[in-house]
Amino acid sequence: LRHRPLRNISRIDLPWHKCAWRPRLAMGATIELAGQRVRLFNVHVDPHGPLDNQHQQVEALLEHAEQYDRPSLIVGDFNTLSKQKAVEIRRLMESRGYSTPFPTGTPTWRGAGLRFHADWIFVNGLSVTCWGVARPLNVSDHWPIWAEVEIKS
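Rules used throughout
Residues numbered from 1 in each chain as written. Predicted model: local features only at pLDDT ≥ 70, side-chain atom pairs only at ≥ 80, totals over all residues. Heavy atoms only, no water. Helix = DSSP H or I, 4+ residues; strand = E, 2+ residues; numbered from the N terminus. Rg over C-alpha atoms; globule rule 2.2 N^0.38 Å. Buried < 20%, exposed > 50% of the residue type's maximum accessible area, 1.4 Å probe, protein only. Contact = heavy atoms within 4.5 Å. Areas by Shrake-Rupley, 256 points an atom, 1.4 Å probe, with all protein chains shown as cover. Lys, Arg positive; Asp, Glu negative; His and termini not counted. Charge placed at Lys NZ, Arg CZ, Asp CG, Glu CD. 1 Å grid on protein atoms, 1.4 Å probe; cavity = no way out; pocket = protein on both sides within 12 Å on 5 of 7 lines; lining within 4 Å. Points joined across faces, edges and corners; volume = space filled by probe spheres on them. Nonpolar A, V, L, I, M, F, W, Y, C, P; charged D, E, K, R; others polar. Salt bridge = Lys/Arg side-chain N within 4 Å of Asp/Glu carboxyl O. Polar contact = N/O pair within 3.5 Å; in protein donor to acceptor, adjacent residues only side chain to side chain.

A few words on the overall build of the protein chain. Helices and strands together make up the secondary structure of the protein chain, namely two helices and nine strands. The C-alpha radius of gyration computed for the protein chain amounts to 15 Å, which stays within 12% of the reference 15 Å derived for 153 residues, consistent with globular compactness. In terms of overall dimensions, the protein chain has C-alpha extents of about 45 × 35 × 30 Å along its principal axes. Within the protein chain, the fraction of its 153 residues that count as buried is 41%. Taking the contacts inside the protein chain whose residues are at least 6 apart along the sequence as the reference set, 58% of them involve residues at least 24 apart. Just so you have it, the protein chain exposes about 8600 Å², and 53% of that area is on carbon and sulfur atoms. Side chains of the protein chain give 19 positive and 15 negative charges; the mean places of these two sets differ by 4 Å.

Let us now look at the layout of surface pockets. The space that makes up the largest pocket amounts to roughly 220 Å³. Forming the boundary of the largest pocket are 11 residues, of which P5, R7, T30, I31 and E32 lie nearest the centre. Elements with a minimum of two residues in the lining of the largest pocket: β1 (7-13) and β2 (25-33). Among the residues making up the lining of the largest pocket, the classes are represented as two nonpolar, three polar and six charged.

Counting through the fold element by element, R39 comes out in strand β3 (residues 36-44). D69 is the oppositely charged side chain nearest to the buried, salt-bridge-free R39, at an N-O distance of 13 Å. A distance of 2.7 Å separates a polar atom in the side chain of R39 from the backbone oxygen of N8. Every residue in contact with R39, bar those within four places of it in the chain, is listed here: R7, N8, S10, G28, A29, T30, H64, Y68, R70, P71, S72 and L73.

Close approach of charged atoms allows side chains with opposite charge to pair. Scanning all chains against the criterion turns up five salt bridges. Close ionic contact of E88 with R91 constitutes a salt bridge, the shortest N to O distance being 2.7 Å. One end of the pair is E88 and the other is R91, both in helix α2 (residues 83-95) and three residues apart, which spans about a single turn. A relative accessible area of 23% means that E88 is categorised as partly exposed.

Listed below in structure tokens is the structure:
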């Protein structure tokens, strides 16, 4: 793979209701893939707030993403640390035209003997050709997730 420079890098502040000293944010950047610009977003959603606060944070990110008329990829730690949160955040993303190859409930986080689907990859205008969860031991409480994508024809 050759180096792909990041362009139009932006910080996206997300609505935050508690702990002002620990704000939540997302980052956006544009890369070129197969001669087309693709917008990338990496997000870290609040794990402690109620589901409606998580919805507000994801909605703020989606509003920013909708400013770009191009394929996009939204990845990161959505902190969907319950079945209900995973189902609802997936439903929200799909209602806005995004899809994910990961079945709801795919374990990506572990702690205290529990496993949750906290991390996601969502695409819009892209096809996922393969994907997975890497499970290295003792690196993090999150298992890295990955996907190979291509521009939809």
